[in-house]
Structures are given as C-alpha cells and as structure tokens.
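In case you want the letters, here they are:
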Amino acid sequence: MQKSLHQSFSVSFEYPVYFTRGLFSPGHTLLAEHLAGLSAPRPARCLVVLDDGLLACHPSLASDIQAYMQAHPGLELAGECLVVPGGEAAKNDRQWADLLLEAVEQRGIDRHAYLIALGGGAVLDMAGFAAAVAHRGVRHIRVPTTVLAQNDSGVGVKNGINAFGKKNFTGAFAPPTAVFNDSTFLSTLDPRDWRSGMAEAVKVSLIKEAAFFRWLEANAGPLNARELPAMEKLIYECARLHMEHIAGSGDPFEKGSSRPLDFGHWSAHKLEQLTRYELRHGEAVAIGLALDSWYAHLAGLLGRDEAQAILDLLQNLGFELYHPALEWEDDSGQLRIWQGLREFREHLGGRLTIMLLEAIGKGIEVHRIEEPGIRASIRKLKAMHQPAGLKSPT
Ligand SMILES: NC(=O)c1ccc[n+]([C@@H]2O[C@H](COP(=O)([O-])OP(=O)(O)OC[C@H]3O[C@@H](n4cnc5c(N)ncnc54)[C@H](O)[C@@H]3O)[C@@H](O)[C@H]2O)c1
Ligand SMILES: [Zn+2]
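Residues numbered from 1 in each chain as written. Chains lettered and ligands numbered in written order. Predicted model: local features only at pLDDT ≥ 70, side-chain atom pairs only at ≥ 80, totals over all residues. Heavy atoms only, no water.

1. Here's the deal with the coordination of the zinc ion (ligand 2)
Right, so step 1: At the metal site, the zinc ion (ligand 2) is ligated by Glu200 (OE), His265 (NE2) and His281 (NE2), and these contacts range over 1.9 to 2.1 Å.
Right, so step 2: Sequence positions of the donors to the zinc ion (ligand 2) reduce to the motif E-x64-H-x15-H. Here His265 is found in helix α13 (residues 265-274), whereas its partner His281 is found in helix α14 (residues 281-298), with 16 residues between them in sequence.
Right, so step 3: Classification of His265 by relative accessible area gives buried; the value is 3%. (Donors = N, O, S within 2.8 Å, 3.2 Å for Na, K, Ca; no water. Helix = DSSP H or I, 4+ residues; strand = E, 2+ residues; numbered from the N terminus. Buried < 20%, exposed > 50% of the residue type's maximum accessible area, 1.4 Å probe, protein only.)

2. Brief notes about the nonpolar core
Right, so step 1: Ranked by internal contacts, the top residues of the largest apolar core, which has 77 residues, are Leu234, Ile337 and Ile374.
Right, so step 2: Looking at this core element by element, the count peaks at 10 residues for α14.
Right, so step 3: Taken together, domain 1 (17-189) and domain 2 (192-385) each give at least three residues to this core, which thus spans both.
Right, so step 4: Not counting residues up to four positions away in its chain, the partners in contact with Ile337 are Trp266, Ser267, Lys270, Leu271, Leu274, Leu291, Ala325, Leu326, Ile374 and Ile378. (Core = buried A, V, L, I, M, F, W, Y, C linked by side-chain atoms within 4.5 Å. Domains from an automatic or database assignment. Contact = heavy atoms within 4.5 Å.)

3. Some details on the domain arrangement of the protein
Right, so step 1: Looking at the assigned domains, one finds that the protein contains domain 1 (17-189) and domain 2 (192-385).
Right, so step 2: Taken over C-alpha atoms, the centre of domain 1 sits 28 Å from the centre of domain 2.
Right, so step 3: Carbon and sulfur atoms make up 65% of the surface buried where domain 1 meets domain 2, a total of about 2400 Å² over both sides.
Right, so step 4: When the buried area of domain 1 at its contact with domain 2 is split by residue, Asn151, Lys167 and Phe173 rank highest and sum to 23% of it.
Right, so step 5: Note that Glu254 is salt-bridged to Lys158, the shortest N-O span being 3.0 Å. (Buried area = accessible area lost by both parts, 1.4 Å probe. Salt bridge = Lys/Arg side-chain N within 4 Å of Asp/Glu carboxyl O.)

4. Quick look at the side chain of Glu371
Right, so step 1: With respect to the helices and strands, the residue Glu371 is situated in helix α17 (residues 371-385).
Right, so step 2: Residues contacting Glu371, with those up to four places away along its chain left out, are Gln334, Leu335 and Trp338.

5. A closer look at the pattern of salt bridges
Right, so step 1: Taken as a whole, this structure holds 28 salt bridges when the rule is applied.
Right, so step 2: For Asp190, the salt bridge is made with Arg280, and the minimal N-O distance between the two is 3.8 Å. With Asp190 in the loop between β9 (178-182) and α8 (191-196) and Arg280 in the loop between α13 and α14, this pair connects stretches of sequence that are 90 residues apart.
Right, so step 3: On the accessibility criterion, Arg280 (25% relative accessible area) is partly exposed.

6. Remarks on the site of ligand 1
Right, so step 1: Around ligand 1, the structure places 24 residues, and the nearest of them are Asp51, Gly121, Thr146, Lys167 and Thr188.
Right, so step 2: At a separation of 2.5 Å, an oxygen atom of ligand 1 approaches a polar side-chain atom of Thr146.
Right, so step 3: At 2.9 Å, a backbone N or O of Phe185 approaches a nitrogen atom of ligand 1.
Right, so step 4: Notes on ligand 1: free accessible area 870 Å², of which the protein chains cover 88%.
Right, so step 5: Mapped onto the shell around ligand 1, the elements with two or more residues apiece are α2 (52-57) and α6 (121-133). (Near = heavy atom within 4 Å. Polar contact = N/O pair within 3.5 Å; in protein donor to acceptor, adjacent residues only side chain to side chain. Areas by Shrake-Rupley, 256 points an atom, 1.4 Å probe, with all protein chains shown as cover.)

7. Looking at unusual backbone geometry
Right, so step 1: The step from Ala40 to Pro41 runs through a cis peptide bond, and the omega angle for that step is 5°.
Right, so step 2: Inspection of the secondary structure puts Pro41 in the loop between α1 (30-39) and β2 (44-51).
Right, so step 3: In this model, Arg226 sits at a positive phi of 60°, which is unusual for a non-glycine residue.
Right, so step 4: Tracing the chain through its elements places Arg226 in the loop between α11 (220-224) and α12 (228-248).
Right, so step 5: The backbone of Arg276 sits at a positive phi, close to 50°, despite the residue not being glycine.
Right, so step 6: Mapped onto the secondary structure, Arg276 falls in the loop between α13 and α14.
Right, so step 7: The exposure class assigned to Arg276 is exposed, which follows from its relative accessible area of 75%.

8. Remarks on the packing of aromatic side chains
Right, so step 1: Counting across every chain of the model gives 8 aromatic pairs.
Right, so step 2: With centroids separated by 5.9 Å and ring planes inclined at 85°, the aromatic side chains of Trp266 and Trp338 adopt a geometry described as edge-to-face. Taken together, the residues span a long stretch of sequence, with Trp266 in helix α13 and Trp338 in helix α16 (residues 338-348) at a distance of 72 residues.
Right, so step 3: The class of Trp338 is buried, set by a relative accessible area of 11%.
Right, so step 4: By way of ring pairs, the aromatic residues Phe13, Phe173 and Phe253 are connected into one cluster.
Right, so step 5: The ring centre of Phe344 lies 4.0 Å from the NZ or CZ of Arg259, which sits over that ring.
Right, so step 6: The ring of Trp294 is capped by Lys380, whose NZ or CZ atom sits 4.3 Å from the centre of that ring. (Phe/Tyr/Trp six-rings, centres within 6.5 Å; stacked < 30°, edge-to-face > 60°. Lys NZ or Arg CZ within 6 Å of the ring centre and 35° of its normal.)

Right, here's the structure in full:
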C-alpha cells in the first residue's frame, strides 16, 4: 500500500530598511524605539559584533554603543561588543562564525534576542550566517557601514562564509529583522571601498532601470568627489532596486536557475578568489560587468554605443576594467576564470543561466557563453587599460 500527505504553507517576511545619520548619537531614538517596540515588555537583549576595520576608524564606537544602550531602558547589552576582522578574512576562516555562535550560547541570546552586526559586507555575511543557524535563527539587525553593504548585501536575504576555496559555499537565506543604513560611517572609507560599492549600483541600473544609469553618468563627478548627498541617493536607489527585485521576482531564495542580480558576477567571484581577495568584491564586479557587457555587444545582443557607454561610466567612476588574472590560463590552456562559470552553475544547480544585456536597463538571460567571445572582450578591456599610444585596434 502507498500513502502520501501533501504539505504546503508559506511564510511571509517583512523588514524595514532605514536610511539615517548618527544612529548611535545620544538623541537618536530610531534604533532604541524599533528594538524596544519589538521586545516589550522585556528589554531587547543585544549581542553586538563590530568589524575591526570600522572600529579602527571610529575608536569610540564600542563605548558610544554602550552609552546608547544604557541610556535607553528598553535595551540591554549582552556583554562587551565582540570584535572580528573586517574584510574577507571574516568569511575565509570559520573560527569567526564559531566565535559568534559561542557568544550566542554563553550570553543568553535566544530567538527573541538580537545579534546586531556593524560592518562591511563580509562581516555582515558572516554574522548573518551565525544568526541564521544559532538556535535555528535569532533576530538579526544589520548596520552596514560600507557603500556595498548599504546598497546591496546588507539589504538582501543572503548570508554566508567561504569554504572549500569557494565563495559563499556555507550559508543560508535568512532575512534580517531590520537594517539601519547610517551614512555617517561612510566618511572614513578607504577610497577603494568608497568606490567599490558603486559597481553594484551600475549593475542594478543596467539590468533594471536605464534612468538610474543616466543619473549615475550625470553624477560621476560628485560621487568621485565623495559628496555624501550624491552617495546617499545612489545607495537609496540601488537598495530600492535590489529590494524590489527580491520581493517581486517570484524567487527570493533563488530556487530556480537564474540569478539576475548576479549579472557580471560569474567572473567576478572567480577573480576575487584568483587574486586572493586582493581585488575587492566591487572592483571585481566592475571588471565582470565590463567583460559581460562587451561580450553582449560582440554576441550581437547589445549596441556598440551602449556597451561603450557602460565601459566609460565604469572608468569615469574610477574602476580599472582589466586585471592580468583575466588572462591566466590553466595547464590545458583554458582561461582560469572559466572555472567561475562552472562554479556559478554548480552553486545553484540546474541549467547554466547567465544574465547579459540587450539594452541599458534591460537584461536578457542566455544559457551559453563562448570562450572566444570572452577572450575578445578581455582584449578590448586590456586595450582600454593601456596608456594611449599603445592601444591596439579592437
Ligand atoms: N549577501 C549578499 O547578498 C552579498 C552581496 C554582495 C556582496 N556580498 C559580500 O560582501 C563582501 C564585500 O563587502 P564590502 O564591499 O562591504 O567589503 P568588506 O566587508 O570586505 O569591507 C572592506 C573594508 O572596509 C572596512 N570597513 C568597513 N566599514 C568601514 C568604515 N565605515 N570605515 C572604514 N573602513 C570600514 C572593513 O574592515 C574592510 O577592511 C564580499 O564578501 C561579498 O561576497 C554579499
Ligand atoms: Zn555583488
């Protein structure tokens, strides 16, 4: 005899993303009201994790947070702030996620308590993973402090750490409880990190909204000059487009074969790894966007002028569009970034699906990428990279 039951239910997720300045300044009640409101009548018990690169630039941050928590009776700090390495080091060694899990266990963080992480995308990815698996999920508050984390990684639903030499191999889909984007943190970013996150804005404009692309073209000057209002606008629009996609695409947890928000990323993830993370994520994404945009042109999908405009915008924002690792080959003479294509497909399974462009603001999915076309695209990027006079025809 054979029997079966059918199970079906859906769970809805909601979380606010706030855009503000001076989150932990004494009179700023946004965070306190949010947490106390969710936890009343109990105080909101908070374990706080800090990115050490952030802390180095904001040395009073831990004491500011402590003072803030003490000033608001609805909040309760669960011991001293934990400090973890900033950057990819936080994801490359799982001891940091374990450290957080241990702190959750020892400091009484339950499913009604909060793990609050402040830092760049890497620290948030790692802390989000720990929050997702501790007690099968404790409440997680993200306070992203880089451009990339505020406009992309911090407002989404993915987290993870690296394993087996692969990016984000171990992780979960776990939406945060709330996100607080505080633009005052951005003033201390290294120029590379200020720029790096803009690649994700270019990316999302290319696949979603031509008007945003044109805005980026028109505002490259203020963005390069580190004008905060321009960056705040970039972050808001980029976060909005990412969030709209996640909520509206019908596949927030990427169960299908398609990852439109990962346009330009198949080579970018590999370049990060090949360069031992010497290239920042956003810097690698800029190269990946340029590579795939010019490839789309060569494949007859995208007009030459539009493809050139993309390369020009990326260059105007200060990105290098070529790195020697693009041309590194394995023993069989195959481009080493090609492995990135395999890994990109393996990460999801299913049919290889790569987002390309048919216009600025309009993506198109393809299921095949030809190596000669990619090599030709690399030659174009290399030629653009060389000083005038050395350029070869493309
Ligand atoms: N989860 C997702 O959906 C998603 C999306 C995109 C990228 N990511 C991941 O995000 C990571 C990259 O994040 P990132 O670009 O924010 O870089 P990052 O996290 O590597 O941080 C870059 C550097 O900035 C420092 N830093 C952080 N805030 C600072 C501040 N306010 N002032 C001065 N220094 C500061 C950090 O210590 C670090 O040294 C990658 O691991 C990438 O895979 C995840
Ligand atoms: Zn990215």
